[in-house]
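# Observations on the three-dimensional arrangement
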Amino acid sequence: MLKRFVTYIYQYDRGQRGSNTGFVKTDIRDAGCRMEIQLRGLERFQGKALIYLIVDDQRAIGIPAGELIINQGAGRINLAYARNHLGNSGYSVDQICAVLLRYNGGKLLLSCWTDNIPEGLPLGKFDVFGEDIPDSATDETNDSSPVTENDASQSSDET
């Protein structure tokens, strides 16, 4: 199986979609999955964004995927998952319906992978995997944890 696609990231304010702030480039193969997340134009914000991979399992569940460092309103991170497993969550890459990022005290960025987005997600309402959610993991190996690489360096074309 080989699947490549790009989805765009939008800011959300009180459930309403706003401006485009970047993209998620995804490459899924039998051996694993790689995702590149790029952000820009976040009003010169400097700090961290928490990344959640959202699956719809009769409710929206956010699987923590790391932190993206934002410098001067821009940032980039690469995520990789072996064998398409999302850590020890028991979920696979094929079950992702969105990538959600929270930054700056709760501001919300969302990249939707499907047309069927769980209710409440544009408002940031979801359960976080591992926080009072039963662990349905079937794979206990540690080699499926994400490999991340942050790049928050400012490119020369930004002002």
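Only a predicted model underlies this, so the values are computations on that prediction, with no experimental measurement involved.

With that out of the way, let us pick up the nonpolar core. Counting 31 residues, the largest nonpolar core has M35, I37, L68, L86 and L101 as its most contacted members. Among the secondary structure elements, those contributing two or more residues to this core are β2 (16-29), β3 (32-39), β4 (47-56), β5 (60-70), β6 (75-82) and β7 (96-103). If one sorts the elements of this core by residue count, β5 sits on top with five residues.

Right, let's talk about the environment of Y91 for a bit. By secondary structure assignment, the location of Y91 is in the loop between β6 and β7. Note on Y91: relative accessible area 7%, which makes it buried. Measuring from C-alpha to C-alpha, the distance between Y91 and D57 comes to 9.5 Å, with 34 residues separating the pair along the chain.

On inspection of all chains with the given rule, the structure shows four aromatic pairs. Measuring from ring centre to ring centre gives 5.2 Å for F45 and Y103, while their planes differ by 65°; the resulting arrangement is edge-to-face. One end of the pair, F45, is in the loop between β3 and β4; the other, Y103, is in strand β7, and 58 residues separate them in sequence. Over the ring of Y10 we find R17, and its NZ or CZ is 4.0 Å from the ring centre.

Criteria and cut-off values
- Residues numbered from 1 in each chain as written.
- Predicted model: local features only at pLDDT ≥ 70, side-chain atom pairs only at ≥ 80, totals over all residues.
- Heavy atoms only, no water.
- Core = buried A, V, L, I, M, F, W, Y, C linked by side-chain atoms within 4.5 Å.
- Buried < 20%, exposed > 50% of the residue type's maximum accessible area, 1.4 Å probe, protein only.
- Helix = DSSP H or I, 4+ residues; strand = E, 2+ residues; numbered from the N terminus.
- Phe/Tyr/Trp six-rings, centres within 6.5 Å; stacked < 30°, edge-to-face > 60°.
- Lys NZ or Arg CZ within 6 Å of the ring centre and 35° of its normal.

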